[in-house]
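Residues per chain, in single letters:
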Amino acid sequence: MKKIMLTLALMGTATAQTTVEFWHSFGDAKRTGWIQARADEFNKANPGVKVVPSYKGSYNDSLQATILAARQGKPPALVQIFEVGSQLALDSGVFQPVSSVKNVDFSDYIKPVINYYTINGKVNSLPFNSSSPVLYYNKDLMKKAGLDASKPPTTFDGMLSACKKIEAAKLGVTCFGMSLNGWFVEQWMAEQGATLLNNDNGRKGRATATNLDSAAAKKIFTFFKTLQDNKYYTYTGKLEDWDGSDAIFNNQKVVFHITSTADIGNNGEAAKKAGFQMGIGALPIVSGTKRNGVVIGGASVWIPKGIPKPQAESALDFALFMTNTKNMADWHKLTGYYPVRQSSIDLLRKQGWFTQTPLQLVAFNQLTQTVPSPATAGGLNGAAIQTRKIIEEGVQKVLNGTSVDAALKEAKTRADAALAEYNANFK
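Residues numbered from 1 in each chain as written. Predicted model: local features only at pLDDT ≥ 70, side-chain atom pairs only at ≥ 80, totals over all residues. Heavy atoms only, no water.

Could you clarify how one ought to interpret the nonpolar core in this entry?
For soluble globular proteins, the rule of thumb is that nonpolar side chains tend to be buried together. In this structure, F176 and F256 are the most contacted members of the largest nonpolar core, which totals 133 residues. The element that contributes the greatest number of residues to this core is helix 21 (residues 404-423), accounting for 8 residues. Discounting chain neighbours no more than four positions away, the residues touching F256 are L135, Y136, Y137, M142, P153, M159, A162, I166, C175, F176 and G177. (Core = buried A, V, L, I, M, F, W, Y, C linked by side-chain atoms within 4.5 Å. Buried < 20%, exposed > 50% of the residue type's maximum accessible area, 1.4 Å probe, protein only. Helix = DSSP H or I, 4+ residues; strand = E, 2+ residues; numbered from the N terminus. Contact = heavy atoms within 4.5 Å.)

What follows is the structure, encoded as structure tokens:
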């Protein structure tokens, strides 16, 4: 009889355990292993909860899988969603704001980061892996061109001036290379204090049109035309070829390169292997404009609605644990992503991390000095995946000889049509 009672008691304990499925988009061993280790720690400290992380494919694949699972009544309790998927996530109607799950003090999260995910006064998701673009440069090649390697260009005109000297030095390299990605155009709009979308970047009301006909957008496209006309720019020919563009820089085929802060570690290691000194500078901005700051990239974690309250609370507890001060500092050291808390930056300073890795300090300063505004909060756009590609194709047309005005006009027409088609689902 005692055995039966014990068995029933154990069954009751097992039944009472709350399972938190966490779907994410990191398929590599380094980041997946880190997430699993945090889940193991959390589970050990909270025997009534079992967090089960699993890789669900790309950001878009994971988002679509979650929406489908939610409509079938079987959503995960926690899911990682990329920043431009925020409007899609909201419009799907399957998520609840994390701020409504239970009372949380979000004041320690870095303002430009938490601002991106704060929509209509509610914190919809918890920042996790965050990044922004910075300038990478080859110090050795700069010196060979007669440039001061301690002073990388900070403006478009500064870049063009440096490129002129590099060309004159006949080093057998191209001045500048970067992935052809709409994310960078969004950044340069924000740096000018200009919104990419109407209605305050889609934050005052649903975005119905792009601002690709603005003077701010024209300055960005004109920069690409000037680079191309002078043969100062190179890329792989493919859109969004992050790895290919990194390879061009790491193989010392270009002096300057722009990509995510999340690549500082990997590119730094590649530079050491290749035998050159790598520098990091702030993202160069349109000349004659005030630096406003960057828009956060990366992803956050969302909690579906319709799940039991204990499950939602446990999911949020794990998300808060995973992004606590110590864990975010460790995450940053491992990956190069920003730690999303101010206290994590303070801890890293206390540990002397920025003395050991001064390149990271440039990225932190760029982020923390961002001026909060609709422009730097980032655009909310349900058709963001399409409109980004349209912008990329517009830049590519300029590189292939189309005039700036014609390329922008066509890009705006196509992007606005994509927005209208998406918005028609919500009338």
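In this structure, what is going on with empty space enclosed by the protein? I would like to understand it.
Picture a little ball the size of a water molecule; that probe, rolled over the atoms, points out where space is still empty. With the rule as written, the count across this model stands at 5 cavities of 30 Å³ or more. Considering only enclosed or pocket space, the largest cavity measures out at about 170 Å³ in volume. In this structure, the largest cavity is lined by 20 residues; those nearest its centre are V84, E186, L196, G378 and G379. Listed by contribution, the elements that provide at least two residues to the lining of the largest cavity are helix 9 (182-191) and helix 20 (384-399). Ranked by residue count, the leading element in the lining of the largest cavity is helix 20, at 4 residues. Per-class residue counts for the lining of the largest cavity are 12 nonpolar, 5 polar and 3 charged. (1 Å grid on protein atoms, 1.4 Å probe; cavity = no way out; pocket = protein on both sides within 12 Å on 5 of 7 lines; lining within 4 Å. Points joined across faces, edges and corners; volume = space filled by probe spheres on them. Nonpolar A, V, L, I, M, F, W, Y, C, P; charged D, E, K, R; others polar.)

Help me understand the side chain of H257 in this model?
Position of H257 among the secondary structure elements: in strand 11 (residues 254-260). A distance of 2.9 Å separates the side chain of H257 from the backbone oxygen of G177, its partner in a polar contact. Dropping the residues within four chain positions of it, H257 is found in contact with V134, L135, Y136, F176, G177, M178, S245, D246, F249 and N267. (Polar contact = N/O pair within 3.5 Å; in protein donor to acceptor, adjacent residues only side chain to side chain.)

Could you clarify how one ought to interpret the packing of helix 11 (residues 215-229) against helix 20 in this entry?
When two helices pack together, their arrangement is given by the angle between the helix axes and the distance between those axes. The geometry of helix 11 relative to helix 20 is characterised by a closest axis approach of 9 Å and an angle of 35° between their N-to-C directions. Here the hand of the crossing between helix 11 and helix 20 comes out right-handed. Across from F221, F224, K225 and Q228 in helix 11, the residues of helix 20 making contact are I391, G394, V395, V398 and L399. The residue makeup of the contact of helix 11 with helix 20, split by class, is 6 nonpolar, 2 polar and 1 charged. (Axes fitted to C-alpha atoms, helices over the stretch in contact; angles between N-to-C directions. Left-handed = near helix turned anticlockwise from the far one by under 90°.)

It is not clear to me how the pattern of salt bridges should be interpreted in this structure. Could you clarify?
Pairing between side chains of opposite charge can happen when their charged atoms approach one another. Scanning all chains against the criterion turns up 15 salt bridges. A salt bridge links D405 to K218; its shortest N-O distance comes to 3.2 Å. Placement of D405 in helix 21 and of K218 in helix 11 is noted, with a sequence separation of 187 residues between them. Judged by relative accessible area, D405 falls into the partly exposed class, the value being 47%. For K309, the salt bridge goes to E313, with nearest N and O atoms at 3.5 Å. Taken together, the residues K309 and E313, both in helix 14 (residues 309-322) and 4 residues apart, mark about one turn of the helix. For K309, a relative accessible area of 51% puts it in the exposed group. For E313, a relative accessible area of 25% puts it in the partly exposed group. Sharing partners across several salt bridges, the network here consists of E83, E186 and R388. (Salt bridge = Lys/Arg side-chain N within 4 Å of Asp/Glu carboxyl O.)

Scope: geometric values only; no functional claims are made or implied.
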